[in-house]
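Okay, here's what each chain looks like letter by letter:
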Amino acid sequence: MIKHIPGGVCAATGFTAGGIHCGIRKNRSKRDLALIVSETPASAAAVYTKNLVKGAPLTVTKQHIADGYAKAVICNSGNANTCNADGIQVAEEMSRLVGEALGIAPTDVVVASTGVIGQPLDVTPIKEGIPALIESLSTDGSDTAAEGIMTTDTVKKEVAVEFTLDGKTCRLGGIAKGSGMIHPHMATMLVFITTDAAIAPQMLQKALSSDILDSFNMVSVDGDTSTNDMVTVLANGLAGNAEITAEGGDYTVFCQALAAVTTELCRMIAADGEGATKRLECLVTGAADTATAKTVAKSVICSSLLKAAMFGADANWGRVLCAIGYSGGAVDVNRVDVSFRSAKGTIPVCVSGAGIPFSEEIAKEILLEKEIDILIELNSGDATATAWGCDLTYDYVKINGDYRT
């Protein structure tokens, strides 16, 4: 049984976290530096953006966890440290500063950055802020760490669960940032996950790489794949379960716990899309195969026209069919059924690829809710998929029109 609990990245035994304002951001009311620390060496796994333009921290992190282990994560917001001539040196210096302060090797530090691309990152505020950052570490610090990694996010994103492995109580929690530039081809902007479960590095990597195919790769806010996308997991084994070294019952339970956290973070990211007023969830059923189901779900969630219609509470189901039609999925459009659902009810709008009579008034009432489900039945098999996104509003353009300046 998997139970949701409070605590975020500090829910698991042996993890502390904290966040401060060090001066990267001009606004002193916003934290801009976060730290997560495991009291013992932890198995480490990560996935990275497929964008050919990558932030320097990703390159450094990949080198640091090549041995499968890490003890700390440092992340700054306000500057992505991407496309900078000295980016690698800055990321390495951030790791060195954390390592020196904690008495660990710099190579045991995961480093991440998020914010504006192409602006030099002065490491001085980070260096001067390290003592305060270390002082901020607490078993209740997930909240401040979650705040420290935010950019245009309007809410902090934290999730944690409790589950049992080998008769031992285990916990797994995560924090995320992601609001704009979200169209992952591996993961979302930045996600940090911790667990006290004992699992070998190669199995942790296997679990994470598999999970993102159904979680973060199925989220889209605006169709842009970030340069700094990264998801990391640290597992320190302090729960005391027998280490997971192969597939089997405990591995399956671990993957279920991981999915419970990542799926909820996906929903949070979608709901907090830049300028968003509604979270959209597209559920595809009856597909011939999983690949088709995923292709259709992602195509619908990514449709700018559909996203705009949802903003206006307009039950323009033709835009759903249009997105299905150009998705590239193997679909018989003459079999497709579409419905819209929210807390106000469900309304069918299309059967067998054709429109049916429905009340526009009832449909509008359903679509005025904050969470909208787009239900698509392909009537061609048993495969299913879910994708998450948000509506497209005037504020998205406002936010991104002057993001850098």
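Everything below is about the structure shown above.
Residues numbered from 1 in each chain as written. Predicted model: local features only at pLDDT ≥ 70, side-chain atom pairs only at ≥ 80, totals over all residues. Heavy atoms only, no water.

(A) Quick look at the overall build of the protein chain. Scanning the protein chain for helices and strands turns up 11 helices and 15 strands. Its C-alpha atoms give the protein chain a radius of gyration of 22 Å, near enough to 22 Å, the size a compact globule of 405 residues would have. Taken along the three principal axes of its C-alpha coordinates, the protein chain extends 70 × 55 × 35 Å. Out of the 405 residues in the protein chain, the part that is buried amounts to 54%. (Helix = DSSP H or I, 4+ residues; strand = E, 2+ residues; numbered from the N terminus. Rg over C-alpha atoms; globule rule 2.2 N^0.38 Å. Buried < 20%, exposed > 50% of the residue type's maximum accessible area, 1.4 Å probe, protein only.)

(B) Focus on unusual backbone geometry. At Asn 81, a residue that is not glycine, the phi angle is positive and equals roughly 50 degrees. The residue Asn 81 is located in the loop between strand E4 (69–79) and helix H2 (87–102) in this model. One non-glycine residue, Met 181, lies in the positive phi region at around 55 degrees. Here Met 181 is to be found in the loop between strand E7 (168–177) and strand E8 (190–195).

(C) Region of the structure containing the sheet that holds strand E14 (residues 371–377). Strand order across the open sheet formed by six strands is E13-E12-E11-E14-E10-E15, with mixed pairing between neighbours. Of all strands in the sheet, those with a lone pairing partner are strand E13 (354–355) and strand E15 (383–390), marking the two edges. In this sheet, E13 lies alongside strand E12 (residues 345–351) in antiparallel orientation, the contact comprising two bridges. Among the inter-strand pairings, Cys 350 is bridged to a residue of E13, identified as Gly 355. Contacting strand E10 (279–287) and E15, helix H6 (residues 249–271) crosses the sheet at an angle of about 40 degrees to E15. (Pairing = 2+ DSSP bridges. Contact = heavy atoms within 4.5 Å. Axes fitted to C-alpha atoms, helices over the stretch in contact; angles between N-to-C directions.)

(D) Structural context of H2. Taking 1.5 Å as the rise per residue, H2 with 16 residues should run 22 Å; its terminal C-alpha atoms sit 23 Å apart, in good agreement. Residues of H2 that are buried include every one of Gly 87, Val 90, Ala 91, Met 94, Ser 95, Leu 97, Val 98 and Gly 99, and no others. Buried residues along H2 sit in contact with strand E3 (33–48), helix H1 (56–64), E4, strand E5 (109–116) and helix H3 (124–135). (Expected span 1.5 Å × (residues − 1).)

(E) Spotlight on helix H5 (residues 201–211). All of the buried residues in H5 are Pro 201, Met 203, Leu 204, Ala 207, Leu 208 and Asp 211. Each buried residue of H5 sits inside an arc of 165 degrees when the element is viewed along its axis, so together they form one side. Taken together, the buried residues of H5 touch E3, E4, strand E9 (230–235) and H6. (Arc of directions from axis to C-beta.)

(F) Highlighting the pairing of E8. With respect to burial, E8 is a largely interior element, six of its six residues being buried. Here E8 shows no split at all, with Leu 190, Phe 192 and Thr 194 on one side and Val 191, Ile 193 and Thr 195 on the other all buried. Relative to E8, E7 runs antiparallel, the two being bridged by six bridges. Counterpart to Ala 176 in the pairing with E8 is Val 191. Here six bridges tie E8 to E9, and the two strands are oriented parallel to one another. By the bridge assignment, Thr 195 is partnered in E9 with Ala 235. As a crossover connection, the stretch from E8 through H5 into E9 is right-handed. (Right-handed = clockwise from strand over helix to strand, strands pointing away.)

(G) Spotlight on the packing of H1 against H2. As a packed pair, H1 and H2 sit with axes 8 Å apart at the nearest point and diverge in direction by 55 degrees. As far as their axial angle goes, H2 and H1 are oblique. In terms of crossing hand, the pair formed by H1 and H2 is right-handed. Facing H1, whose interface residues are Ala 56, Pro 57, Thr 59, Val 60, Gln 63 and His 64, H2 presents Gly 87, Ile 88, Ala 91, Glu 92 and Ser 95. Residue composition of the contact of H1 with H2, grouped by class: five nonpolar, five polar and one charged. (Parallel < 35°, antiparallel > 145°, perpendicular 65-115°, else oblique. Left-handed = near helix turned anticlockwise from the far one by under 90°. Nonpolar A, V, L, I, M, F, W, Y, C, P; charged D, E, K, R; others polar.)

(H) Summary view of the pattern of salt bridges. This structure, assessed with the given rule, holds 20 salt bridges. With its nearest N and O atoms 3.1 Å apart, the salt bridge here joins Arg 171 to Glu 162. For Glu 162, a relative accessible area of 18% puts it in the buried group. A salt bridge links Asp 332 to Arg 335, with the nearest nitrogen and oxygen atoms 3.5 Å apart. Its relative accessible area of 40% is what places Arg 335 among the partly exposed residues. Beyond isolated ion pairs, a larger network of salt bridges with shared partners links Glu 264, Arg 267, Arg 279, Glu 281 and Glu 371. (Salt bridge = Lys/Arg side-chain N within 4 Å of Asp/Glu carboxyl O.)

(I) Just the layout of surface pockets, in detail. Looking at the largest pocket, its volume works out to about 550 Å³. What lines the largest pocket is a set of 17 residues, among which Arg 25, Gly 78, Val 116, Tyr 403 and Arg 404 lie closest to the centre. Of all the elements in the fold, those that place two or more residues in the lining of the largest pocket are E4 and E5. Taken together, the residues of the lining of the largest pocket sort by class into four nonpolar, eight polar and five charged. Lining the second largest pocket are 22 residues, with Gly 115, Gly 180, Met 181, Asn 400 and Tyr 403 sitting closest to its centre. (1 Å grid on protein atoms, 1.4 Å probe; cavity = no way out; pocket = protein on both sides within 12 Å on 5 of 7 lines; lining within 4 Å. Points joined across faces, edges and corners; volume = space filled by probe spheres on them.)

(J) Quick look at the side chain of Ser 327. Examined against the element boundaries, Ser 327 turns out to sit in the loop between helix H9 (318–325) and strand E11 (337–342). Overall, the relative accessible area of 16% leaves Ser 327 in the buried class. A polar side-chain atom of Ser 327 sits 2.7 Å from the main-chain carbonyl oxygen of Ile 324. Here the side chain of Ser 327 touches Gly 329 through a polar contact of 3.1 Å, landing on its backbone nitrogen. When residues no more than four places from it in sequence are discounted, the contact partners of Ser 327 are Thr 295, Val 296 and Ser 299. (Polar contact = N/O pair within 3.5 Å; in protein donor to acceptor, adjacent residues only side chain to side chain.)

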